[in-house]
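Residue-level structural notes
Below, each chain spelled out in residue letters.
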Amino acid sequence: MASLFYSFAFIFLSSIFIHQPYVTGENSGDHRHIIKVHSLLPGTSCKDSHNGNSLKLVHRQGPCSPLFKHSKKPINHNQILAQDQSHVDSIRHRHRSSISTTIEPNKARRAPVAATKIPAHTGTSFSTSNYIVTVGLGTPKHSLTLVFDTGSDVTWVQCKPCSSSCYSQQEPVFEPTKSSTYSNVSCSAPACEQLDTSGCSGTTCQYAVQYGDNSYTMGSFSKDTLTLSNSDVLPGFYFGCGDNNKGLFGKAAGLLGLGRGPTSLVSQSTAKYGGVFSYCLPSTSASTGYLNFGGAAPANVKYTPMITDSSMATFYFLKLVSISVGGTKLSISPTVFSDAGTLIDSGTVISRLPPAAYSSLRQAFRQKMTKYPTAPALSILDTCYDLSNYSTVGIPTVALEFGGGVVVDLDFSGILYVSSLSQVCLAFAGNGDAGDVGIFGNVQQHKLSVVYNIANKVVGFGKGGC
Ligand SMILES: *[C@@H]1O[C@H](CO)[C@@H](O)[C@H](O)[C@H]1NC(C)=O
Ligand SMILES: *[C@@H]1O[C@H](CO)[C@@H](O)[C@H](O)[C@H]1NC(C)=O
């Protein structure tokens, strides 16, 4: 009788799945995401849902990327995660070194660039897993695809004549002499003073940014018209015209700096956009997201205070207060989060948690996943499953609560890192030290509308942004 009941229930449930294909990724009501396993893998062709009123934001490596070249080499997840760790290490190093340098003003400032010893960590390294946008620079407009980075301030592009060195990029290199609106910035300009590292060549302001993995860019600090979209044009935008560039930026032409500092694009455009920008990071390399400046935020967005850490003025800090797994709040002392602090970064792949918070999350997640066979660890990810024999799986929901009672329910693509269907891992990692800063990384931000308002000092989150 019982078995008859169960087979009846099975047929009943199966028919729900058959008749409701949208159930993929749905939160099933019992605090699980019911997922079709094949939907965990990205498609091989781009599903472009971009509507044109904003900049299209895509994964650098994948079918939606203008820089993507099909290669037979499979994606090396161990390498992506190792690079992610060096990115996080460089944020941490910068955190510590910036604390020590606040005692002594930066002596490198205003020295001639030839003699400037660039501070070891004025930026962070870039993993291969990054997002890119295409903008226009100069008159006539020259299209350039740039790495999107909320963790640095200076926007820069490689510039001809590349008299020192340029790495190879996909698009033609920007030529200042061909733009009628280009001008150099003088050493005495206030904008030059605002750079973390600057120098003079004759009367022309020179900039330099060195990233954690020994990538760097330097050259003339310049001004030209930046075109974000047909209606969004910023004349006199300050950027670095990089004459000497080296590093792991892929085939991108440079970087779009969306940090909190005075030279960032957000700060430079406050008169036009009120210090507001928003984005949605697509969940796979075969789908599209957006980057938008100013404008009305989506209706479902809830705002949490943006916290300032004066030792890391470029970064956006948030107050993380709790984590829920499967609808149950984990018992983690709030001081675990407040002692470490939390920043949000588009360039970090996997979110980092204080060790006590991570072990609590891992334990709760593993308890709800016991029916699935485990798989070996993948680099920094130690909780992995073999889902290759399943067509549908139930994954516990994960929610992060931020200051002001803002609960962010993660998309299922923000909970799992998929190397292959036989190695699907919990996409969080623990910090080594309880004092290390926590990071809300880009996997966890998948499909959320994320709104930054530097004037009102708030960050907003909404569901289903892209
Ligand atoms: C800008 O400065 C560079 C180097 O200092 C110089 O070679 C170039 O001619 C200047 N360009 C303009 C438009 O003044
Ligand atoms: C998947 O199913 C096959 C065939 O039944 C079996 O040999 C294999 O061990 C299963 N794999 C896992 C991870 O359960």
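Since the structure is predicted, the reported quantities are computational estimates derived from the model, not experimental observations.

Conventions and cut-offs
Residues numbered from 1 in each chain as written. Chains lettered and ligands numbered in written order. Predicted model: local features only at pLDDT ≥ 70, side-chain atom pairs only at ≥ 80, totals over all residues. Heavy atoms only, no water. UniProt positions renumbered as here; feature names shortened; annotations may be inferred. Helix = DSSP H or I, 4+ residues; strand = E, 2+ residues; numbered from the N terminus. Polar contact = N/O pair within 3.5 Å; in protein donor to acceptor, adjacent residues only side chain to side chain. Buried < 20%, exposed > 50% of the residue type's maximum accessible area, 1.4 Å probe, protein only. Contact = heavy atoms within 4.5 Å. Phe/Tyr/Trp six-rings, centres within 6.5 Å; stacked < 30°, edge-to-face > 60°. pLDDT = per-residue confidence, 0-100. Disulfide = S-S within 2.5 Å. Near = heavy atom within 4 Å.

1. Notes on the UniProt feature "active site" (unreviewed entry) in the protein
- The positions that UniProt labels "active site" (unreviewed entry) are, in the present scheme, D149 and D345. Considering the C-alpha atoms alone, the annotated residues occupy 197 residues of sequence yet fold into one spot, their largest mutual distance being 7.8 Å.
- Note that D149 resides in strand 5 (residues 142–149).
- A polar contact of 3.0 Å, which involves the side chain of D149, links it to the backbone nitrogen of G151.
- Looking at the secondary structure, you find D345 in the loop between strand 19 (342–344) and strand 20 (351–353).
- Under the relative-accessibility criterion, D345 is labelled buried at 1%.
- Leave out the neighbours within four places in its chain, and D345 touches H87, I91, D149, T150, G151, F315, I439, F440, G441, N442 and Q445.

2. Looking at the packing of aromatic side chains
- Counted under the stated rule, the structure contains 18 aromatic pairs.
- Seen in terms of ring centroids, F148 and Y279 are 5.1 Å apart; in terms of plane orientation they differ by 85°. Their pairing is edge-to-face. Within this pair, whereas F148 is found in strand 5, its partner Y279 is found in strand 13 (residues 276–280), the two being separated by 131 residues in sequence. Side by side, F148 and Y279 carry an identical accessibility label, which is buried.
- Consider the rings of W156 and F249, whose centres lie 5.0 Å apart with planes at 80°: the pair is edge-to-face. Of this pair, W156 sits in strand 6 (residues 156–158) while F249 sits in the loop between strand 11 (232–246) and strand 12 (254–257), and the two are 93 residues apart along the sequence.
- Residue class for W156 comes out buried when judged on its relative accessible area of 0%.
- Here F249 falls in the buried class, since its relative accessible area comes to 1%.

3. Let's talk about the environment of S287
- Along the polypeptide, S287 turns up in the loop between strand 13 and strand 14 (289–293).
- The spatial distance from the C-alpha of S287 to the C-alpha of H50 is 9.1 Å, given a sequence separation of 237 residues.
- Ignoring sequence-local partners within four residues, the contact set of S287 consists of K47, V58, C64 and P282.
- Here T284 takes part through its side chain, which lies 3.1 Å from a polar atom of the side chain of S287.

4. Points about the confidence of the model for the protein
- Confidence in the prediction of the protein, expressed as mean pLDDT, is 86, and 85% of residues score 70 or more.
- pLDDT under 50 marks residues 1–24. Its contacts with residues more than four places away, or in other chains, come to nine contacts.

5. Things to note about the state of the cysteines
- The full count for this structure, using the stated rule, is seven disulfides.
- Here C159 connects covalently by a disulfide to C241, the sulfurs 2.0 Å from one another. Around the S-S axis, the bridge from C159 to C241 shows a dihedral of about -95° and counts as left-handed. On the criterion of sequence distance, the pair formed by C159 in the loop between strand 6 and strand 7 (183–184) and C241 in strand 11 is long-range, its members being 82 residues apart. Comparing C159 with C241 shows no difference in burial state: the two are buried.

6. Brief notes about the site of ligand 2
- Around ligand 2 sit P373, D386 and N389, and that is every residue in its neighbourhood.
- At a separation of 2.2 Å, an oxygen atom of ligand 2 approaches a polar side-chain atom of N389.

7. As for the side chain of E171
- By secondary structure assignment, the location of E171 is in the loop between strand 6 and strand 7.
- The exposure class assigned to E171 is buried, which follows from its relative accessible area of 16%.
- A polar atom in the side chain of E171 sits 2.5 Å from the side chain of T145.
- If we skip the residues at most four places from it in the chain, E171 touches S143, L144, T145 and A253.

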